[in-house]
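Listed below, chain by chain, are the residues.
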Amino acid sequence: MILELKNIYKDYETDAVPVPVLKDVSLQVEKGEYVAIMGPSGSGKSTLMNIIGCLDLPTSGEYYLDGENVLSLSDNALSDIRCRKVGFVFQQFQLLPGETAIQNVMLPLSFSNTPRNKRRDIAAEALARVGLSDRMDFYPRQLSGGQKQRVAIARALVNDPSIILADEPTGALDQKSGKSVMELFEKLNDEGVTIVIITHDKNVAARAKRLLHIIDGEIYEDEGTNGNIG
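Residues numbered from 1 in each chain as written. Predicted model: local features only at pLDDT ≥ 70, side-chain atom pairs only at ≥ 80, totals over all residues. Heavy atoms only, no water.

**A short note on the nonpolar core**
Then, number 1: By size, the foremost hydrophobic cluster in this structure holds 39 residues, and its most contacted members are Leu-127, Ile-153 and Phe-185.
Then, number 2: Going through the elements one at a time, β3 (34-38), α3 (101-106), α4 (116-129), α5 (145-157), β7 (163-167), α6 (175-190), β8 (195-199) and α7 (202-205) are the ones with two or more residues in this core.
Then, number 3: In terms of residues, this core owes the most to one element, α5, which gives six residues.
Then, number 4: Apart from residues no more than four positions distant in its own chain, Leu-127 is found in contact with Ala-101, Ile-102, Val-105, Leu-132, Ser-133, Met-136, Val-151 and Ala-154.
Then, number 5: Counting residues in hydrophobic clusters, the runner-up holds 29 residues, among them Ile-2, Ile-8, Cys-54 and Leu-78. (Core = buried A, V, L, I, M, F, W, Y, C linked by side-chain atoms within 4.5 Å. Buried < 20%, exposed > 50% of the residue type's maximum accessible area, 1.4 Å probe, protein only. Helix = DSSP H or I, 4+ residues; strand = E, 2+ residues; numbered from the N terminus. Contact = heavy atoms within 4.5 Å.)

Put into structure tokens, the structure is as follows:
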């Protein structure tokens, strides 16, 4: 089991009044799964993504990531688990404009104690994996939107994380580039990479092998899929 959430609640305080955002969310993701979590704006999907990515903590419940009890970890340990276990892919790419593609991909390696003399080779291998060997020394301004997202995916892969967590990964792309990125996710999943995509786009969600819906902070399995909700 890569990811397990049990009875997760998340409240935010507004004028000292708790506002529930997630309500008794339980789910399991097995190694090698390709899962989409789909919901409209305000459904709680961004809050759920932040909790899965160890960027935020729930008000109550249990969370295990690759066997580790996330909610028992210190801030430093949470930073470490984000670096080692989760590869993030964001809608707006989040690339450093003053760094080349390979320098952007190398960045997570500097936080994971990877020997300096090995970082470039590892990053180059990740860029080759996403089809960008010929763009390693290009800056983000020299890349198309689809190429920028491929760099971001290579950066997410570079530490060999337990899970790739993608937030609206085609939201800033044209249709052709978006299709290409989704085909890349499918290829990576076929290679054994565990992927969770957060999206409001039904076309993106439909390409996953398992579909969950989040509505008003509650999560439901799509009737047409065979996945498991705890």
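Next, the rest of the story.
**Re α6**
Then, number 1: For α6, with 16 residues, the first-to-last C-alpha span of 23 Å sits near the 22 Å given by 1.5 Å per residue.
Then, number 2: Along α6, the residues that are buried comprise Ser-177, Gly-178, Val-181, Met-182, Leu-184, Phe-185, Leu-188 and Asn-189. All buried residues of α6 project into a common sector of 150° when viewed along the axis, lining one side. When the buried face of α6 is taken as reference, the exposed residues oriented beyond 90 degrees from it are Gln-175, Lys-176 and Asp-190.
Then, number 3: Among the residues of α6, the N-terminal cap falls to Asp-174, whose side-chain oxygen and the backbone nitrogen of Lys-176 are separated by 3.1 Å.
Then, number 4: A positive phi of about 110° marks Gly-192, the residue just after α6. (Expected span 1.5 Å × (residues − 1). Arc of directions from axis to C-beta. Polar contact = N/O pair within 3.5 Å; in protein donor to acceptor, adjacent residues only side chain to side chain.)

**Considerations on the pairing of strand β9 (residues 210-215)**
Then, number 1: Looking at chain direction, β3 and β9 are connected through four bridges and run parallel. Residue Ala-36 lies in a different strand from β9, and its bridge partner there is Leu-211.
Then, number 2: In this structure, β9 lies alongside strand β10 (residues 218-221), joined through four bridges in antiparallel fashion. Bridge assignment links Ile-215 to a residue of β10, and that residue is Glu-218.
Then, number 3: The turn linking β9 back onto β10 is made up of two residues, and Asp-216 within it adopts a positive phi angle of 50°. (Pairing = 2+ DSSP bridges.)

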